[in-house]
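Observations on chain architecture
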Amino acid sequence: MKPRILQVRTQILKKNDELARAMREAFVAAGVYVVNLVSSPGTGKTRLLQTTLRRLRSRGYDVAAIVGDLETDNDARRLAESGAPVRQIQTHGCCHLEADMVRDHLAGWDWEALDFLFVENIGNLVCPASWDLGESLRIALLSVTEGEDKPLKYPGLFNTADAAILTKLDLAEPCEFDRVAARANIDSVRPGMPVLETSAKTGEGVEEWIEFLCGRRDQFVRSLKKSAPSC
Amino acid sequence: MHELSIAQHLVEIATEAARDAGARRVTRVGIRVGELSCVHREALEFCFDIVTKGTLLEGAELTIEEIPVEVYCPSCDRVSRLESIQRFRCARCGQATADIRRGRELELDSLEVDGGEESVGVTPDSLDDRPVQLPAESS
């Protein structure tokens, strides 16, 4: 018998994408600005997020975080020191977060009261790129210890980001890190993307990052015509 | 190794489509994978063979159409193929551009199946980011 051909033409990650879209609509309706942080392991996502949660809280924002790891709840415990509500996703071997994993950790939070939700993805510069988590902003982090050419080695991930952060600036000099080259490499794979520079250890650049976040959230809120605490 | 998750999603939607069409068995699965989709071909093929075991897709051939990246250049008002995914520049004038028109695809395109009625078909889903007919690539 001659085989029959079915034209299907469907996104392979359709279920994830549909769920992420529904989650984004729910976040937008509640006025929650969701930020997905992606980077290699050891770039300093947790350290920067600790500072970020603390500073945003001191500005009067209600913030929360969901953090993904293969094993342990170490990062959730570190982040909870900021006083913000934090939940840990343990993926037990899965190298990225998917929308349903985030959804399963959302119950019980007062969405109407929340201004920011941060999702700290699994440390991985390849796999998280394909998975929409319903975020409004995706940030790719690159530490100065990783080398300037990381964006050229992992263009797929940097290309899906809305902004990049160079982290651990305090180590730039001993690592002979070339900021100009790093920025040029980021711009080569994602022309026009904003690039920030921070050291969560010394505090350098952190206020600029907070301003950037608040500015993006203000734009988001204006688009919703909803009142919000000002920066 | 997110290819395992991708293969699982693929088997799920392909099985649904095959069942809806009344198929008894799937003999070929055709997918389209963009250069920017972060999918490693061999890893996906390896995972596909594992996750299809015991499903309608067991033993099916996986054919992968690789889609190169194409970007739109506002200066030239045309779409061109990217020479390198490390360099998002118009192939014609060299201007930087982040306006990607193709290359992010991760789609189940078609299935070859045994069984079911000839008249039974599957309605293609609308693909939001699927480009409409593109101008010819610049030389």
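Now for a description of the structure that goes with this document. Along each chain, numbering runs from 1 in the same order as the chain's sequence is written. Written order decides the labels, with chains lettered from A and ligands numbered from 1. Per-residue local features are limited, in this predicted model, to residues with pLDDT of at least 70; the limit for side-chain atom pairs, both in listing and counting, is 80 or more; totals at the level of whole chains, interfaces and linings are taken over all residues. Note that water and hydrogens are dropped before the side-chain values are worked out from all heavy atoms of the structure.

1. Concerning the overall build of chain B
Strands here are runs of E lasting at least two residues and helices are runs of H or I lasting at least four, both read from the DSSP assignment and numbered beginning at the N terminus. If you tally the helices and strands in chain B, you get 2 helices and 6 strands. When the elements of chain B are put in sequence order from the N terminus, they spell out α-β-α-β-β-β-β-β. Residues counted as buried form 49% of the 139 residues belonging to chain B. Considering only intrachain contacts with a sequence separation of at least 6, the fraction spanning at least 24 residues in chain B is 73%. Under the convention used here, a 1.4 Å probe and the Shrake-Rupley method define accessible areas, while residue burial counts only the protein chains that appear. About 7,000 Å² of surface is accessible on chain B, with carbon and sulfur atoms providing 45% of the total. Relative accessibility thresholds used throughout: buried, under 20% of the residue-type maximum; exposed, over 50%; partly exposed, between the two (1.4 Å probe, protein chains only). In this analysis, two residues are considered to be in contact whenever any of their non-hydrogen atoms come within 4.5 Å of each other.

2. Focus on the overall build of chain A
When helices and strands are counted, chain A shows 8 helices and 8 strands. Radius of gyration: over C-alpha atoms. The globule rule applied is 2.2 Å multiplied by the number of residues raised to the 0.38 power. Here the C-alpha atoms of chain A give a radius of gyration of 18 Å, agreeing with the 17 Å that 2.2 N^0.38 yields for 231 residues. Overall size of chain A, expressed as C-alpha extent along the three principal axes, is 70 × 40 × 35 Å. Across chain A, the fraction of contacts at a sequence separation of at least 24, relative to all contacts at a separation of at least 6, is 72%. Only four residue types enter the tally: Lys and Arg on the positive side, Asp and Glu on the negative side, with His and both chain ends excluded. Every charge is mapped onto a representative atom, which is NZ of Lys, CZ of Arg, CG of Asp or CD of Glu. For chain A, the distance from the average site of its 30 positive side-chain charges to the average site of its 33 negative ones is 5 Å.

3. Things to note about the packing of helix α1 (residues 3-20) of chain B against helix α2 (residues 41-51) of chain B
All names here are of chain B. Between the N-to-C directions of two axes lies an angle of 0 to 180 degrees, each axis being a line fitted to C-alpha atoms and, for a helix, fitted only over the stretch in contact. Where α1 meets α2, the closest approach of the two axes is 8 Å, and the angle between their N-to-C directions is 50°. With respect to α2, the axis of α1 lies oblique. Handedness of the crossing formed by α1 with α2: right-handed. Only Ala43, Leu44, Cys47, Phe48 and Val51 of α2 make contact with α1, whose side of the interface consists of Glu3, Leu4, Ile6, Ala7, Gln8, Leu10 and Val11. In this classification, Asp, Glu, Lys and Arg are treated as charged, Ala, Val, Leu, Ile, Met, Phe, Trp, Tyr, Cys and Pro as nonpolar, and every other residue, Gly included, as polar. Along the lines of polarity and charge, the residues of the contact of α1 with α2 split into 10 nonpolar, 1 polar and 1 charged. By definition in this entry, angles of less than 35 degrees are roughly parallel, angles greater than 145 are roughly antiparallel, angles of 65 to 115 are roughly perpendicular, and the rest are oblique. For a crossing to be left-handed, the near helix must be turned anticlockwise from the far one by less than a right angle; the clockwise case is right-handed.

4. Details of the pattern of salt bridges
When a carboxyl oxygen of Asp or Glu lies within 4 Å of a side-chain nitrogen of Lys or Arg, that pair is called a salt bridge. Applying the stated criterion to the full structure yields 23 salt bridges over all chains. Residues Arg101(B) and Asp99(B) are paired through a salt bridge, measuring 3.0 Å at the closest nitrogen-oxygen approach. Given the relative accessible area of 30%, Asp99(B) is considered partly exposed. Each of Arg55(A), Arg59(A), Glu207(A) and Glu211(A) takes part in salt bridges that share partners, so that together they form one network.

5. Notes on the interface of chain A and chain B
At the junction of the two partners, chain A supplies 36 residues and chain B supplies 49 residues. In total, about 3,700 Å² of surface goes out of reach between chain A and chain B, with carbon and sulfur atoms giving 55% of it. Accessible area that two parts lose when put together, evaluated with a 1.4 Å probe and summed over both, is termed the buried area. In terms of surface lost to chain B, no three residues of chain A exceed Arg4(A), Arg9(A) and Ile12(A), which account for 25% of the buried area on that side. Lys15(A) is the salt-bridge partner of Glu16(B), the closest N and O atoms lying 2.6 Å from each other. Nitrogen and oxygen atoms within 3.5 Å of one another constitute a polar contact, given that in protein one can donate a hydrogen and the other can accept it, and given that sequence-neighbouring residues count only through two side-chain atoms. Across the chain A-chain B interface, the total number found is 18 residue pairs in polar contact (both at pLDDT 80 or more). When residues of the side of chain A that touches chain B are traced back to their parent elements, those giving at least two are β1 (4-11), α1 (14-30), α6 (155-160) and α7 (179-189) of chain A. In terms of residue count, β1(A) provides more of the side of chain A that touches chain B than any other element does, 8 residues in total. In terms of residue class, the side of chain A that touches chain B is built from 18 nonpolar, 10 polar and 8 charged. Pairing between two strands is assigned when DSSP locates at least 2 bridges connecting them. Pairing between β1(A) and strand β6 (residues 106-114) of chain B: 6 bridges, direction antiparallel. The residue of β6(B) that forms the bridge with Leu6(A) is Leu111(B).

6. Quick word on the packing of aromatic side chains
Pairs of aromatic rings are described using the distance from one ring centre to the other and the angle between the two planes. All names here are of chain A. To pair, rings of Phe, Tyr and Trp, with the six-membered ring standing in for Trp, must have centres within 6.5 Å; the planes then decide the type, stacked if under 30 degrees apart, edge-to-face if over 60, and tilted in the middle. What the rule picks out here adds up to 7 aromatic pairs over all chains. Taking 5.0 Å as the distance between ring centres and 55° as the angle between the ring planes, the aromatic pair formed by tyrosine 33 and phenylalanine 220 counts as tilted. Linking tyrosine 33 in strand β2 (residues 33-38) with phenylalanine 220 in helix α8 (residues 206-224), this pair joins segments that are 187 residues apart in sequence. Residue classification places phenylalanine 220 among the buried positions, given a relative accessible area of 8%. With a centroid separation of 6.3 Å and 20° between ring planes, the pair formed by tryptophan 209 and phenylalanine 212 is classed as stacked. On the criterion of helical spacing, the pair formed by tryptophan 209 and phenylalanine 212 is a turn pair, its members being 3 residues apart in helix α8. Taken individually, tryptophan 209 and phenylalanine 212 each receive the classification buried, so the pair is uniform in this respect. Joined through ring pairs, the aromatic side chains of Tyr33, Tyr61, Phe116, Phe118 and Phe220 make up one cluster. Criterion for a charge above a ring: Arg CZ or Lys NZ at most 6 Å from the ring centre, at most 35 degrees from the ring normal. A cation over a ring is seen here: arginine 87 above tryptophan 109, with NZ or CZ 4.1 Å from the ring centre. Above the face of the phenylalanine 116 ring, arginine 217 is positioned so that its terminal group lies 5.7 Å from the ring centre.

7. A short note on the sheet that holds strand β4 (residues 78-81) of chain B
Residues and elements named next belong to chain B. If you trace the 3 strands from one edge of the open sheet to the other, you get β4-β3-β5, paired in antiparallel fashion. Each of the sheet's edge strands pairs with one partner strand only, and the pair in question is β4 and β5 (100-102). On average, adjacent strands in this sheet sit at an angle of 40° to one another, irrespective of strand direction.

8. Observations regarding the pairing of β2(A)
Residues and elements named next belong to chain A. Counting buried positions along β2 gives 6 out of 6 residues, so the element sits mostly inside the fold. Both faces of β2 are covered, namely the face carrying Tyr33, Val35 and Leu37 and the face carrying Val34, Asn36 and Val38. Two strands pair when backbone bridges link them, and β2 and strand β5 (residues 116-120) are joined in this way by 5 bridges, in the parallel orientation. Looking across to β5, one finds that asparagine 36 is bridged to valine 119. Where β2 lies against strand β6 (residues 137-143), 4 bridges are found, and the strand directions are parallel. The residue of β6 that forms the bridge with leucine 37 is isoleucine 139.

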